[in-house]
Amino acid sequence: MTNTIRTLLLTLGLPLSNAFADGLALEQIADGVYVHQGVHEDVSAENRGDIANIGFIVGDDCVAVIDTGGSPAVGEVLRAEVEQRTDTPICYVINTHVHPDHVFGNQAFVDTGAEFIGHHRLAAQLSARGEYYREAMARMLDAGLDQDVIVPPDRAVDDKMELDLGGRVLRLEAMPTAHTDTDLVVVDQATGTLWLGDLLFVDRIPSLDGSLLGWLAVMDQLREIDAERVVPGHGPVSLNWPEAAADQQRYLETLRDQTRQVIDAGATIDQALQHVGRGERDAWLLFEEYHEGNVQAAFAELEWE
Amino acid sequence: MTRLLSLLFLACLALPAFAVDQDEERWDAVRDDLFGDRAIEKGDHLMALQAPFRASDAALVPIGVEDRRGEGDPAISRVWLIVDNNPVPLAGMFEYGPAAGSIDLSTRVRVNAYSHVRAVAETGDGSLFMVREHVRASGGCSAPVSADDQEALKDMGQIRVRAWDRGDKGGADLQIGIRHPNFSGMQMDQVTRLYRRAHYVKDVEVLADGERVVRAELTIAMSRDPSLRLASGLQGEQDVTVLANDSEGHEFREVLTISPRISDFDFSAAE
């Protein structure tokens, strides 16, 4: 009986552990810059939280990992991909913001000795949201997650910071509240690569968890950056900048303008949900899953204008 | 082996029925707590409950009561909004005053688990009537409000009032917002493992030209920045007073003269 149960469990367990048997598909989008594109789905047991763009940049002396995926399992495969490509040590793990699909792979990098780096508000937000995220992710992943899944930053970016990887320097900048209140921008100066995390969504509908007006203001600022390419938090891993932001810009402006219009006309949130941004429906993946939440967030922000 | 599988199978089959029983047991307990052994009748002819089938944000679920009463239907003095499966099931109790134009009411609540949401109305003679809907949402009460208290408490107590003419229905819709983090007491800090103490808006009274529209007793189930939309029975320009206090004894107050605006936006139009 004991053996039978073990066989049963193994049989049930095998497909799970085989999910990344072929590793993680990574594209080298510029010299030493590797990015993996997450799937456009919600987190599930099948995708194991592999829904966000994650990757790493290799210097002469150091590797910097940028975002680690939505589960320790994704983080482990990313780490294996790094170690397979280079003997250069992982010195830094940079988290672009607080959302679990970008930081729940951190745990896999703890024993590399890497320094974890994030926005100056990241530690406080992980502390405030960590338990809530852990429970929600465990439910969606259908897997146990212990408290160690939350790895706070060792070093905070107050405003700007430079990381010398040897032969190339990464420039980090903490943004005011936009997509979230923990958004960090990474620029690889050697290749002109702008890594935006979830400040930029392509194909997948943006999700608003910070400030709509703040996000638009930050995009105005980022558009001035001269970059060879951009890495969005979700979507194709290498795109032209700032052209890649055009759809998101239209969506956020529509959300702002139409929400203001219905608030001014005396709408309730219910009425706003029926009237704001419905014309964007066919322009985005996962529209029905996230659009209503965006309208509610926009409404709650803009009704205090 | 076969036995193990069939046990699993049975367990799966049994779940839905078990869930239904649990729902009924929960409501029995909540009803007993709030209304004792008073009879509660179906109230669909008097009011409708507006609630989303699936909430896009469990910490901000719009719910509303729509007045359906016609000629000859009884006066309603109080309405309770209840979320059965919340740790504190009562979200709010609303007592209507002489300046209330109808029992129309919209607000935003936290929903912590898939739950029935109910409105129970009490008529002038003390009879109780109920309508209910089911909402799919979870984690609304434990969802974090903010990373730091200073940010959350900024502008606390600021009150915003807007008014729109209700057209054929008569009177004015008063949209009232109160800046407040409304900490539920269920938000845990992952590092310290401590729960931030509850701190929320408890009582709100709204007056029009000195007469009560509504007095509300609210709980931790109300969303951050509590929002109430109420119907004043007064036409045209009116003095609106909002008095509120929170669980830590802070008092908030706003008095202003307001002319209901006429909205030309056609909310009934399909997109």
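See the structure shown above.
Residues numbered from 1 in each chain as written. Chains lettered and ligands numbered in written order. Predicted model: local features only at pLDDT ≥ 70, side-chain atom pairs only at ≥ 80, totals over all residues. Heavy atoms only, no water.

Caption draft 1: Spotlight on the interface of chain B and chain A. Across the boundary between the two partners, chain B contributes 36 residues, which contact 38 residues of chain A. Interface area, chain B with chain A, both sides summed: about 3,400 Å², of which 55% is carbon and sulfur. For the pair chain B and chain A, the interface holds three salt bridges. With its nearest N and O atoms 3.0 Å apart, the salt bridge here joins A:Asp264 to B:Arg261. Counting every contact that joins chain B to chain A gives 12 residue pairs in polar contact (both at pLDDT 80 or more). Counting residues per element, the ones that place at least two in the side of chain B that touches chain A are strand 6 (100-109), strand 9 (159-165) and strand 10 (172-178) of chain B. In terms of residue count, strand 9 of chain B provides more of the side of chain B that touches chain A than any other element does, three residues in total. A breakdown of the residues in the side of chain B that touches chain A according to their chemical character gives 14 nonpolar, 10 polar and 12 charged. (Contact = heavy atoms within 4.5 Å. Buried area = accessible area lost by both parts, 1.4 Å probe. Salt bridge = Lys/Arg side-chain N within 4 Å of Asp/Glu carboxyl O. Polar contact = N/O pair within 3.5 Å; in protein donor to acceptor, adjacent residues only side chain to side chain. Helix = DSSP H or I, 4+ residues; strand = E, 2+ residues; numbered from the N terminus. Nonpolar A, V, L, I, M, F, W, Y, C, P; charged D, E, K, R; others polar.)

Caption draft 2: Here's a closer look at the packing of aromatic side chains. All names here are of chain B. Summed over the entire model, instances satisfying the criterion amount to six aromatic pairs over all chains. Taken together, a centroid distance of 4.9 Å and an interplanar angle of 85 degrees make the contact between Phe 35 and Trp 80 edge-to-face. You can see Phe 35 sitting in helix 1 (residues 2-35) and its partner Trp 80 sitting in strand 4 (residues 76-83), a full 45 residues away along the chain. By the burial criterion, Phe 35 is buried, and Trp 80 matches it. Cation over ring: Arg 118 sits above Trp 27, and NZ or CZ is 3.8 Å from the ring centre. Sitting over the ring of Phe 183, Arg 196 keeps its end group 3.9 Å from the ring centre. (Phe/Tyr/Trp six-rings, centres within 6.5 Å; stacked < 30°, edge-to-face > 60°. Buried < 20%, exposed > 50% of the residue type's maximum accessible area, 1.4 Å probe, protein only. Lys NZ or Arg CZ within 6 Å of the ring centre and 35° of its normal.)

Caption draft 3: View of the packing of helix 5 (residues 212-222) of chain A against helix 6 (residues 246-264) of chain A. Residues and elements named next belong to chain A. Their axes nearest at 10 Å, the elements helix 5 and helix 6 cross at an angle of 145 degrees. Crossing geometry of helix 5 relative to helix 6 is assigned as left-handed. Judged by residue contacts, Leu 212, Leu 213, Trp 215, Leu 216, Met 219 and Asp 220 of helix 5 engage Gln 248, Gln 249, Leu 252, Glu 253, Leu 255, Arg 256 and Arg 260 from helix 6. (Axes fitted to C-alpha atoms, helices over the stretch in contact; angles between N-to-C directions. Left-handed = near helix turned anticlockwise from the far one by under 90°.)

Caption draft 4: Region of the structure containing the nonpolar core. The biggest cluster of nonpolar side chains holds 50 residues, and the ones touching the most others in it are B:Val65, B:Leu81, B:Phe94, B:Ile176 and B:Val204. Apart from residues no more than four positions distant in its own chain, B:Ile176 is found in contact with B:Ile159, B:Arg160, B:Val161, B:Val206, B:Pro226, B:Ser227, B:Leu228, B:Leu230 and B:Val242. By size, the runner-up hydrophobic cluster in this structure holds 43 residues, among which are A:Leu194, A:Ile263, A:Ala265 and A:Ala298. (Core = buried A, V, L, I, M, F, W, Y, C linked by side-chain atoms within 4.5 Å.)

Caption draft 5: Focus on a negative patch on the surface. Residue and element names in this part refer to chain A. Together, Asp 60, Asp 61, Glu 162 and Asp 164 give the surface a local cluster of negative charge. Positionally, Asp 60 belongs in the loop between strand 3 (54-58) and strand 4 (63-66). On the accessibility criterion, Asp 60 (61% relative accessible area) is exposed. (Patch = residues over 30% accessible without salt bridge, like charges linked within 9 Å, V, L, I, M, F, W, Y side chains within 5 Å. Areas by Shrake-Rupley, 256 points an atom, 1.4 Å probe, with all protein chains shown as cover. Lys, Arg positive; Asp, Glu negative; His and termini not counted. Charge placed at Lys NZ, Arg CZ, Asp CG, Glu CD.)

Caption draft 6: The environment of A:Gln107, seen in detail. All names here are of chain A. Along the chain, the position of Gln 107 falls in the loop between helix 3 (100-103) and strand 6 (115-119). By relative accessible area, which is 26% here, Gln 107 ends up partly exposed. The spatial distance from the C-alpha of Gln 107 to the C-alpha of Asp 264 is 47 Å, given a sequence separation of 157 residues. In this structure Gln 107 touches Pro 72, Asp 146, Asp 148, Val 149 and Val 151, once residues within four positions along its chain are discounted.

Note that all results are geometric; they support no functional claim without further evidence.
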